[in-house]
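Coordinates in review
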Amino acid sequence: RNTNGGEFDIINTLRAAGKDNKIGAVVLRVDSPGGSPVASEAIRNAIIEVRNSKPVICSMGNSAASGGYYIAVPCSKIFASRSTLTGSIGVVGAHPNLSGLAESLGVNIEHITTGPDAGI
């Protein structure tokens, strides 16, 4: 099914195909330069959910970069042409420093770890 809509349309279509016993595998066409990290994560989770019941095949279009590549990775198989532009996963993250706020509120922060790499 061709879906040109938001992530909810894609997720609902994936889930419906995953539950349909008449469908033996899902082919997902990815032609995207990326987009919202939240949407990419939600679609990726739906792919993993469907993949537990049947194969999910990714067919990459002209581009499958950033979020497009991210959603392709958990697929059972990935097909791309020689001219497909893919890769470049950008990582979005934040590590707020709340030590000043904690100190002003009289809160002490203690770290307890079980090994040298546990706090990574």
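Our subject is the structure listed above.
What this report covers is the structure whose coordinates are included nearby. Since the model is a prediction, treat every value here as computed from it, not as a measurement. (Residues numbered from 1 in each chain as written. Predicted model: local features only at pLDDT ≥ 70, side-chain atom pairs only at ≥ 80, totals over all residues. Heavy atoms only, no water.)

With that out of the way, let us pick up the side chain of Ser-59. Turning to its location among the elements, Ser-59 is positioned in strand 2 (residues 56-65). For Ser-59, a relative accessible area of 18% gives the class buried. At 2.6 Å, the side chain of Ser-59 forms a polar contact with the side chain of Arg-29. Those residues in contact with Ser-59, other than ones at most four positions away along the chain, are Val-27, Leu-28, Arg-29, Val-30 and Phe-79. (Helix = DSSP H or I, 4+ residues; strand = E, 2+ residues; numbered from the N terminus. Buried < 20%, exposed > 50% of the residue type's maximum accessible area, 1.4 Å probe, protein only. Polar contact = N/O pair within 3.5 Å; in protein donor to acceptor, adjacent residues only side chain to side chain. Contact = heavy atoms within 4.5 Å.)

Taken together, the side chains of Leu-98, Leu-101, Leu-105, Val-107 and Ile-109 make up a nonpolar region of the molecular surface, amounting to roughly 500 Å² of accessible area. Relative to the assigned elements, Ile-109 resides in the segment after helix 4 (99-104). (Patch = residues over 30% accessible without salt bridge, like charges linked within 9 Å, V, L, I, M, F, W, Y side chains within 5 Å. Areas by Shrake-Rupley, 256 points an atom, 1.4 Å probe, with all protein chains shown as cover. Salt bridge = Lys/Arg side-chain N within 4 Å of Asp/Glu carboxyl O.)

Once that is clear, we can look at the packing of aromatic side chains. With the rule as written, the count across this model stands at 0 aromatic pairs. When the ring centre of Tyr-70 is taken as origin, the NZ or CZ atom of Arg-44, which lies over that ring, is 4.5 Å away. (Phe/Tyr/Trp six-rings, centres within 6.5 Å; stacked < 30°, edge-to-face > 60°. Lys NZ or Arg CZ within 6 Å of the ring centre and 35° of its normal.)

Of all 10 residues in strand 2, 9 are buried; the element is thus mostly enclosed. Between strand 1 (residues 26-32) and its parallel partner strand 2, the chain crosses via helix 2 (residues 37-51), and the hand of that crossover is right-handed. After leaving strand 2, the chain enters helix 3 (residues 67-72) and then returns to the sheet as strand 3 (residues 77-79), a path that is right-handed. Bridge analysis of strand 2 against strand 4 (residues 85-87) gives 3 bridges, and the strand direction is parallel. Of the residues in strand 4, the one forming a bridge with Ala-65 is Gly-87. (Right-handed = clockwise from strand over helix to strand, strands pointing away. Pairing = 2+ DSSP bridges.)

Coordinates in, geometry out; function isn't part of it.
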